[in-house]
Structure formats: structure tokens, C-alpha cells
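Survey of secondary and tertiary structure
Next come the chains, spelled out residue by residue.
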2 protein chains.
Amino acid sequence: MKRVKLTVAYDGTNYHGWQIQPNGVTIEEVLNHHLSELLREPIKIIGASRTDAGVHARGNVAVFDTSARMPAEKISYALNTRLPADIRIQDSREVRPDFHPRFCETVKTYEYCILNRKFPDPTRRLYALFYYYPLDLEKMRQAAGYLVGEHDFKSLCTQKPEVENTVRTIYSVDIIKEDDLIRIRICGNGFLYNMIRIIVGTLLRIGSGYYEPEYMKELLELKNRQAAGETAPPQGLTLVEIRYPEEEKL
Amino acid sequence: MKRVKLTVAYDGTNYHGWQIQPNGVTIEEVLNHHLSELLREPIKIIGASRTDAGVHARGNVAVFDTSARMPAEKISYALNTRLPADIRIQDSREVRPDFHPRFCETVKTYEYCILNRKFPDPTRRLYALFYYYPLDLEKMRQAAGYLVGEHDFKSLCTQKPEVENTVRTIYSVDIIKEDDLIRIRICGNGFLYNMIRIIVGTLLRIGSGYYEPEYMKELLELKNRQAAGETAPPQGLTLVEIRYPEEEKL
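These numbers come from a predicted model, not from an experiment.

**Details of the overall build of chain A**
A tally of helices and strands in chain A yields 6 helices and 10 strands. The C-alpha radius of gyration computed for chain A amounts to 19 Å, which stays within 12% of the reference 18 Å derived for 250 residues, consistent with globular compactness. When each of the 250 residues of chain A is scored for burial, the buried share is 56%. Across chain A, contacts joining residues at least 24 apart in sequence account for 70% of those joining residues at least 6 apart. As displayed, chain A has an accessible area near 11600 Å², and 49% of this comes from carbon and sulfur atoms. With 34 positive and 34 negative side-chain charges, chain A shows a spacing of 3 Å between the two charge centroids.

Printed below as a string of C-alpha cells:
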């Protein structure tokens, strides 16, 4: 028996998110199905990040246990020949049997893309939020600065009854503009439900002058979701990378 | 009566190309339908570039005549509210009544994207060719240099019986690499059927060492399509821009 870690990239457009659910096809379900067929035993993966419907990934992580003899490194190639074109394994390797993708120290990086121009671009409609109004990036950067560090992000998440601790650490927020594309890249030790999309919705309000940058600081203290901006739509969001600093030391 | 010029962007994934044909939905057909409904008179557009199935555009050009009173500049906004999300007008303006998008001096720019990495990226599968093998960009640039200028491109097109003159002028070929994405940007006064995709297929053979760069020069002299590389697949190709230098002087 060995534990295998997969790095998974997908276009979330046609999926009801990562996690198995009754009313639509999910990434988890498709991976379980094709892994079970490939390895000829029932496989159940454990995912690191349960991304929402329409959210994309370049590097989500999943692990599973198998007694199959296929070398871990070969599974990526073999699985990719079976998967639909909108899911592609980027790496497969053996990990220690007690490695758990959610209960380890992690550094997660997400990127939210905003297309800020006069008219939508059809070839980017599935991977960026189209935003017509001008945005003041300096104000957005100032506001984003208040998010860095350990904070209670209760104002900036959709509350789930089972989550009691809403304290998280954000390591960095970078806002980069290349032509008409604005990338908000957020790196942290973990994110609450809808947290990045609510941060982006609030940054959009600040960038368009509806709130001042200092409002982000107040918002953290208010601990009230109603005081934040809208949840930005899913298609702009991509899970870029999940790193496991403890594993990398091994 | 006025003549209106549209700048049209589209995701070609779900269309059978630009030009109306019996066996599938085309960009031309969708534009005619929605323009006719919007302006309440039968509209038939004349397109500048009849892109193939699966090819994208950021700036194709079309003109039509209308007696509707709607100002030309407003048509872009009004039409975009009716069009499917994979077609978006970028500009609409009145032009002189005898302006024809194909029978004018033009400078056309196309871009072909190649994703050169170990595994495919699902979010870019519809807009770039995935290519696994390493590519020598210096060899590709040297080969591309032979294409610049006025040449008979008979070796680098799919012959159409109605096209007798296969001489065209290429102004520039730029090969740019950003991370794992290679962009081949070609600018010329006009392109023959499949010409850019055959040029790209041949550059791929040169970049992977199958031909030497000098072969591109020989190939032009051979005037034989069989001697060139494969036609690269359509999804990597985007019509970036069509400029009309004479019009810009007015």
C-alpha cells in the first residue's frame, strides 16, 4: 500500500466544484472514477482545497492510497489519457503514509483576474471578471495591505456553522496590472469559505471609490459580513499553488 | 443610408468559422441575425477575414449598410446586449459608403500561441496549442526571418482553385516567450488559406530540430505544399487586428 499525491489542474467552468454532491458532476467524482478504473480498485481521493463551482485550479492537491503496482510517477501520464480535456494531472508522486493534504501546514496561493476595459473579451470571459469602471490600483493596494498578517476574517467570509475559528494569516497580497488585466494574487495559510471572492468584491468597491482604503481596516474590526462588498463571481478565481513547507524539508 | 464598420472579437471554439455555411453556426450568421433584429431591417455584413472553425479574433472587421437612425457609435453597446457571450463588438463607427473591408490596403496581425510545457493546462486548452517537446526559439526566429518581405507563399498555403496569385508580403514575424507560452505574431498585407497555420507547423518542425532554419528559404523556392510542415490546429490562432492605413490618414 502506498500514498500518492496528485497535483491537479482544471478548468472549473463545467463542474459543480471539487466536492462530490448530488446535483452535478464534480472534479473529485471524475478523479475517483478514472483512478478506480486505471488502478482496478476502488479509489477515494482526499482533496486539499474544495474549490467552488466555476473556480479553476493550476495546482490543487489530492492524495489517495493504492495497492496497485504502477509507479506513482507514472500515474499522472496514465490518468491524463483517460481524463476529460478540462482536467489534467501536473504531477504524481509517493508521499509518506500519514501525509494529509488538509491537516498539514500549508501555504496556499490564489489569483483573481479582473479584465478592466471598455468591452468584454470573449476569449477571456471564462477566466476573468469583466469590469468596466476605472479602478484606482493604489487605493486597492493600500487596502490590501491591511489584510496582511494574522486577523479574524469574520467580516470577509460566508459563515459556515461548523467553522468556529475565523482567524487566518495572509502572507501577501499583490496587485499586478498587465495591459487591461489586473491580477490579485493572495497567499496565506488557509482561506475561509468565499473569503477571496469577498475580499475581491470589497477591493473592487475601494478601487472604484465607493469606500476609502482605510475601510478595510475597520471592516476587520466590525466582524460583520454585511459590511463587506459582494462575493465576486467564481470564474475570475484560480487556485495557483498549495505548498507544504514541512514536506519540502524532508 | 450609412455604412457602419464593426470591430468584432469572438471565441471561435463553438463556431464553424466566420463564413455562412450549411453545416453549422457561423459568426457571420449570428451577427446578421442580431443586427437585423436590432435595426429592424435585413442586414448582411461583409467580413474582412473569413477565419476558420475554432480560430479566435480580437479584432476582425465587418461592414454593413443601414437606414436605421441609431448612431453608429451606439450599435456596439446595443448589439452586445443581444449577442451570445462568445461574440463581443469592440467598436462601431460610420465609414465612407465605398469602404470595403477586403478591397482596401490592409495590415493584418495574427498571433499563434503554443503552450510549451510538460503537461497541458486545462484553462488554456482552447486558446493555445499544447506542445510537449522542447523548442529552439533561436532556430525558429532565424527561419521566420526568411519569411519577411514579398514572397510567393505557394508552399505555405492550402491551394484554392480560385486563388491564382500566391504572392503576399509579410512585414514582421515576432516570436516571444513568456514563461511557458510562446507567441508567434505575424503581420502582413494578407494571408492565404491556412497560411499562418502551415507556417507555424513548419516552424515547429524547425524548432524541434527536424529541419534546419535554412529549410524555410528553400521551401519558398520549392513552391510545393507537400514540402512544408503540418497545418497547426486552429485553437492556437487569433486574429489580433486589421488596420487600414489609408483610412487612418483621413
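Don't stop here, the text continues.
**Comments concerning the UniProt feature "binding site: substrate" (unreviewed entry) in chain A**
Residue and element names in this part refer to chain A. Mapped onto this numbering, the UniProt entry gives "binding site: substrate" (unreviewed entry) at Tyr110. Following the sequence through the fold, Tyr110 ends up in strand 5 (residues 107-116). Among the polar contacts listed, one links the side chain of Tyr110 to the side chain of Ser49, at a separation of 2.7 Å.

**Notes on the packing of aromatic side chains**
A complete count under the given rule lists 17 aromatic pairs over all chains for this structure. Relative to Phe119 of chain B, the ring of Tyr77 of chain A lies with its centre 5.0 Å away and its plane at 45 degrees, an arrangement referred to as tilted. In this pair, Tyr77 of chain A is assigned in helix 2 (residues 72-80) and Phe119 of chain B in the loop between strand 5 (107-116) and strand 6 (129-131), connecting two distinct chains. Ring geometry for Tyr132 of chain B against Tyr133 of chain B: centres 5.3 Å apart, planes inclined by 90 degrees, an arrangement best described as edge-to-face. Here Tyr132 of chain B falls in the partly exposed class, since its relative accessible area comes to 43%. According to the relative accessible area criterion, Tyr133 of chain B is exposed, its value standing at 54%. Between Lys160 of chain A and the ring centre of Tyr193 of chain A, over which it is positioned, the NZ or CZ distance is 4.3 Å.

**With respect to the interface of chain B and chain A**
Facing 25 residues of chain B, the contacting portion of chain A comprises 25 residues. Buried area between chain B and chain A, summed over both chains or domains, comes out near 2000 Å², and the portion from carbon and sulfur atoms is 60%. There are 2 salt bridges connecting chain B and chain A. Salt-bridge contacts for Asp11 of chain B lead to Arg125 of chain A; the nearest nitrogen and oxygen are separated by 2.9 Å.

**What to know about the side chain of Asn80 of chain A**
Relative to the helices and strands, Asn80 of chain A is located in helix 2. Judged by its relative accessible area of 9%, Asn80 of chain A is buried. For Asn80 of chain A, the contacting residues outside a window of four places in its chain are Ile87, Arg88 and Ile89 of chain A together with Phe119 of chain B.

**Let's talk about the confidence of the model for chain A**
Mean pLDDT over chain A works out to 96, with 100% of the residues at or above the 70 mark. Model confidence for the complex: the whole-complex pTM is 0.93, and ipTM, which rates the interface, is 0.90.

**Topic: the relation of the copies chain B and chain A**
With an RMSD of 0.0 Å, chain B superimposes on chain A once it is rotated by 180 degrees and translated 0.0 Å along the axis. One copy is carried onto the other by what is essentially a two-fold rotation axis. Among all residues of chain B, the minimum C-alpha distance to the rotation axis is found for Arg124 of chain B, at 4.9 Å. Of the interface residues in chain B, 100% have counterparts in chain A that sit at the interface too, so the contact is made through matching surfaces.

**Looking at a nonpolar patch on the surface**
There is a patch of nonpolar side chains on the surface, built from Tyr77 of chain A together with Tyr132 and Tyr133 of chain B and spanning about 350 Å² of accessible area. Take Tyr133 of chain B: it is sitting in the loop between strand 6 and helix 3 (137-145).

**As for the layout of surface pockets**
If you add up the space inside the largest pocket, you get close to 1300 Å³. What lines the largest pocket is a set of 33 residues, and nearest its centre among them are Leu181 and Arg183 of chain A together with Arg124, Leu181 and Arg183 of chain B. Secondary structure elements with two or more residues in the lining of the largest pocket: strand 3 (56-66), strand 5, strand 8 (167-178) and strand 9 (181-188) of chain A together with strand 3 (56-66), strand 5 and strand 9 (181-188) of chain B. Split into classes, the residues belonging to the lining of the largest pocket amount to 9 nonpolar, 6 polar and 18 charged.

**Quick notes on the pattern of salt bridges**
All names here are of chain A. The tally for this structure, following the rule as stated, stands at 30 salt bridges over all chains. With a shortest N-O distance of 2.9 Å, Arg185 and Glu111 are connected by a salt bridge. Residue Arg185 is located in strand 9, and its partner Glu111 is located in strand 5; the two are separated by 74 residues in the primary sequence. Using a relative accessible area of 3% as the deciding quantity, one classes Glu111 as buried. For Asp121, the salt bridge identified is with Arg124, shortest N-O distance 2.8 Å. Taking the relative accessible area as the measure of exposure, Arg124 reaches 25% and is therefore partly exposed.

**Some remarks on the pairing of strand 4 (residues 87-95) of chain B**
Residue and element names in this part refer to chain B. Of all 9 residues making up strand 4, 7 are buried, and the element is well covered by its neighbours. Relative to strand 4, strand 1 (residues 2-10) runs antiparallel, the two being bridged by 8 bridges. When the sheet's bridge partners are listed, Val8 is paired in strand 4 with Ile89.

**Observations concerning helix 3 of chain B**
Residue and element names in this part refer to chain B. For helix 3, the full list of buried residues reads Leu137, Met140, Ala143 and Ala144. Seen from one end, helix 3 has its buried residues packed into an arc of 120 degrees, which puts them on one side. Contacts from the buried residues of helix 3 go to strand 8 (167-178), strand 9, helix 4 (195-207) and helix 5 (215-222).

Calculation rules
Residues numbered from 1 in each chain as written. Chains lettered and ligands numbered in written order. Predicted model: local features only at pLDDT ≥ 70, side-chain atom pairs only at ≥ 80, totals over all residues. Heavy atoms only, no water. Helix = DSSP H or I, 4+ residues; strand = E, 2+ residues; numbered from the N terminus. Rg over C-alpha atoms; globule rule 2.2 N^0.38 Å. Buried < 20%, exposed > 50% of the residue type's maximum accessible area, 1.4 Å probe, protein only. Contact = heavy atoms within 4.5 Å. Areas by Shrake-Rupley, 256 points an atom, 1.4 Å probe, with all protein chains shown as cover. Lys, Arg positive; Asp, Glu negative; His and termini not counted. Charge placed at Lys NZ, Arg CZ, Asp CG, Glu CD. UniProt positions renumbered as here; feature names shortened; annotations may be inferred. Polar contact = N/O pair within 3.5 Å; in protein donor to acceptor, adjacent residues only side chain to side chain. Phe/Tyr/Trp six-rings, centres within 6.5 Å; stacked < 30°, edge-to-face > 60°. Lys NZ or Arg CZ within 6 Å of the ring centre and 35° of its normal. Buried area = accessible area lost by both parts, 1.4 Å probe. Salt bridge = Lys/Arg side-chain N within 4 Å of Asp/Glu carboxyl O. pLDDT = per-residue confidence, 0-100. Least-squares fit on C-alpha atoms with pLDDT ≥ 70 in both. Patch = residues over 30% accessible without salt bridge, like charges linked within 9 Å, V, L, I, M, F, W, Y side chains within 5 Å. 1 Å grid on protein atoms, 1.4 Å probe; cavity = no way out; pocket = protein on both sides within 12 Å on 5 of 7 lines; lining within 4 Å. Points joined across faces, edges and corners; volume = space filled by probe spheres on them. Nonpolar A, V, L, I, M, F, W, Y, C, P; charged D, E, K, R; others polar. Pairing = 2+ DSSP bridges. Arc of directions from axis to C-beta.

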